[in-house]
Structures are given as structure tokens and as C-alpha cells.
Amino acid sequence: AYCCTYPRICVTKRDITRLAAHFDLSFEKAAERFTKKGHEKGEIILRHQDDVHFGTACRFLDSDTRQCTIYEARPAICRDFPGTRRCGYYDFLTFERRALEDPDYISITNNV
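Residues numbered from 1 in each chain as written. Predicted model: local features only at pLDDT ≥ 70, side-chain atom pairs only at ≥ 80, totals over all residues. Heavy atoms only, no water.

Visitor: What am I meant to see in the environment of R14 here?
Guide: Here R14 shows up in helix α1 (residues 13-23). A residue is classified by how much of its surface remains accessible, and R14, at 65% relative accessible area, is exposed. Along the backbone, R14 and A76 are 62 residues apart, and their C-alpha atoms lie at a distance of 8.7 Å. (Helix = DSSP H or I, 4+ residues; strand = E, 2+ residues; numbered from the N terminus. Buried < 20%, exposed > 50% of the residue type's maximum accessible area, 1.4 Å probe, protein only.)

Here it is, written out as C-alpha cells:
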């Protein structure tokens, strides 16, 4: 859920329409409840909630399961993540295995 902690999760009017339908709200109410203006002109971003691991995270991230609570209605930017056909974790793990010269290495932490 690291991508859910990006400070600016940009959404479009189409994303807000999808959220409004998901929650049975008007477009205006969904925009007011779930988004705020970004720093760039015309930018709309999702609101955050407090998060024990990263300080803040997307308001739709379940803090216990670390899963998206609106998966079927998630914004396009979330649907497109990571933006490539390759998995970022796979690249990271491959690098770690090469650097440690251990083909079976798996990163395990108790913090996440």
C-alpha cells in the first residue's frame, strides 16, 4: 500500500463520478467529502487519513488489512499503478538477491 501514501493522489472528474456512484452521492457531495484542491492549477487530489506506518495515507486504505476499501471504484491512477508492466517489488527483490548473492533471499519485516 505504499502508493496509497503518496502525498498527491490525483483524480479526475470521471473518478469523482465513479466514487459518487459507488457511495450513492451527488458529484458535488463526493468531491467535497473525498477530494481537495492540489497545489497545481486545476489539480484535484484524494483526501488522506492518519496512518501509523506512513503518517498519512489515502482515506480509502484500510489501516488494518492494508487493502483498498473501494477497489471496484478506485481512481484511474490507482488502476494504472505502477504505470509499467513490471512489478516494482520484483525489481527491488531481484536487485537485493543480486547484491546479497543469495538467489533465495526474501525481505521480511515486522513493521509492515
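Let us keep going from here.
Visitor: Would you mind showing me how to read the nonpolar core here?
Guide: A general feature of soluble globular proteins is that nonpolar side chains tend to end up buried together. The biggest cluster of nonpolar side chains holds 16 residues, and the ones touching the most others in it are L19, L46, C58 and F60. Listed by contribution, the elements that provide at least two residues to this core are α1, α2 (27-34) and β4 (55-58). Those residues in contact with C58, other than ones at most four positions away along the chain, are C4, I9, L46, R47, H48 and Q49. (Core = buried A, V, L, I, M, F, W, Y, C linked by side-chain atoms within 4.5 Å. Contact = heavy atoms within 4.5 Å.)

Visitor: Just checking my understanding: could you explain the side chain of T5 for this structure?
Guide: Tracing the backbone shows T5 in the segment before α1. Each residue touching T5, except ones within four places of it in the same chain, is listed here: H48, F54, T56 and A57.

Visitor: So what exactly am I meant to see when it comes to the pairing of strand β3 (residues 48-51) here?
Guide: Moving residue by residue along a regular strand, the side chains alternate between the two faces of the sheet. Bridge count for β3 against β4 is 4 bridges, and the pairing is antiparallel. Directly across from H48, in β4, lies its bridge partner C58. Between β3 and β4, which follow one another and run antiparallel, lie 3 residues. (Pairing = 2+ DSSP bridges.)

Visitor: Please clarify how the packing of α1 against α2 should be interpreted in this entry.
Guide: Two quantities define a packed helix pair, namely the angle between the axes and the distance from one axis to the other. α2 packs onto α1 with a crossing angle of 100° between their chain directions and a minimal axis gap of 8 Å. Relative to α2, the element α1 lies roughly perpendicular. On α2, the residues touching K13, I16, T17, L19, A20 and F23 of α1 are F27, A30, A31 and F34. Among the residues forming the contact of α1 with α2, the class breakdown is 8 nonpolar, 1 polar and 1 charged. (Axes fitted to C-alpha atoms, helices over the stretch in contact; angles between N-to-C directions. Parallel < 35°, antiparallel > 145°, perpendicular 65-115°, else oblique. Nonpolar A, V, L, I, M, F, W, Y, C, P; charged D, E, K, R; others polar.)

Treat this as a map of the structure, not an account of what it does.
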